[in-house]
Amino acid sequence: DLYAYSEIFKAISKGFMHIANSTSARYAMLFDTIKSSSVELKLHANRGVAGIDGCTSTAVGHALTTKENVILVSGDVAFLYDINGLASVQEMPNNIKIIVINNGGGGIFRWLEGPNEVGLLESYFEAKPKTSIKAASSFCGLTYFCAEDSESTKMKLDELMNNTGPAILEIVTDPKISSDVYKMYLKQFQNN
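These numbers were taken from a predicted model, which means no experiment stands behind them.

**Topic: the nonpolar core**
Part 1 of the reasoning: Residues Y5, I8, M17, V73, I99 and I171 are the most contacted members of the largest nonpolar core, which totals 25 residues.
Part 2 of the reasoning: If one sorts the elements of this core by residue count, helix α1 (residues 2-11) sits on top with five residues.
Part 3 of the reasoning: Ignoring anything within four residues of it in the chain, the contact list for V73 reads Y5, I8, M17, H18, I19, A20, S24 and I99.
Part 4 of the reasoning: Formed by 19 residues, the second largest nonpolar core is a distinct cluster that contains V60, V70, L80 and A136.

**Focus: the sheet that holds strand β1 (residues 14-19)**
Part 1 of the reasoning: If you trace the six strands from one edge of the open sheet to the other, you get β2-β1-β3-β4-β6-β5, paired in parallel fashion. Two strands in the sheet have a free side with no partner beyond their single neighbour: β2 (40-45) and β5 (143-147). The mean angle between the axes of side-by-side strands here comes to 20°, regardless of whether they run parallel or antiparallel.
Part 2 of the reasoning: In terms of strand pairing, strand β3 (residues 70-75) meets strand β4 (residues 96-102) through six bridges, oriented parallel. When the sheet's bridge partners are listed, L72 is paired in β4 with I98.
Part 3 of the reasoning: Taken strand by strand, helix α3 (residues 55-63) contacts β1, β2, β3 and β4, and its axis lies near 175° from that of β3.

**Concerning the pairing of strand β6 (residues 167-172)**
Where a strand is regular, its side chains alternate between the two sheet faces.
Part 1 of the reasoning: Of all six residues in β6, five are buried, a share of seventy percent or more.
Part 2 of the reasoning: Note that β4 and β6 share six bridges and pair parallel. Looking at β6, one finds that I101 is bridged to I171.
Part 3 of the reasoning: The sheet contact formed by β5 and β6 spans five bridges and is parallel. Of the residues in β6, the one forming a bridge with C146 is E170.
Part 4 of the reasoning: Handedness of the β-α-β unit built from β5, helix α8 (residues 150-162) and β6 comes out right-handed.

Thresholds, definitions, all that
Residues numbered from 1 in each chain as written. Predicted model: local features only at pLDDT ≥ 70, side-chain atom pairs only at ≥ 80, totals over all residues. Heavy atoms only, no water. Core = buried A, V, L, I, M, F, W, Y, C linked by side-chain atoms within 4.5 Å. Buried < 20%, exposed > 50% of the residue type's maximum accessible area, 1.4 Å probe, protein only. Helix = DSSP H or I, 4+ residues; strand = E, 2+ residues; numbered from the N terminus. Contact = heavy atoms within 4.5 Å. Pairing = 2+ DSSP bridges. Axes fitted to C-alpha atoms, helices over the stretch in contact; angles between N-to-C directions. Right-handed = clockwise from strand over helix to strand, strands pointing away.

Laid out in structure tokens, this is it:
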């Protein structure tokens, strides 16, 4: 996940970026690139406002009001939770670009003490979606891209941003590795 977010912030420097709640918002706070004077990126976050409710709908609604690209960065659970934000739009705006970090459903719960220690993480906390991001993209009429490694992530981010219509990029990550890397990254700050 950390690598994916790093590449996202390198690849996108202008337009509007909507950050969905929880994991996406926490990762976004780790990067200084969004504070650079050369960046023409305006950020919006759902953090603390309404949970995962409306993340997709808000980004689509915003895209209908501007000519600039509106990029939604979301996790798989938040994205699918609000799929009606795409399914109910009569005419999808061409400037909506969606990046879904698919870490297998609720990866944030791997960061927290408790769920894993009591053996309930996968059965009660993670929410593995039954609908695939690809199927949701097809259902909503969006162009679909998928990345599963570092090389394809860079390439597909470029393809997404150069696509002239509405599109989704799914970046598939390993939930256990992502959680371990995130914890190690934060631990480095505690030790300094």
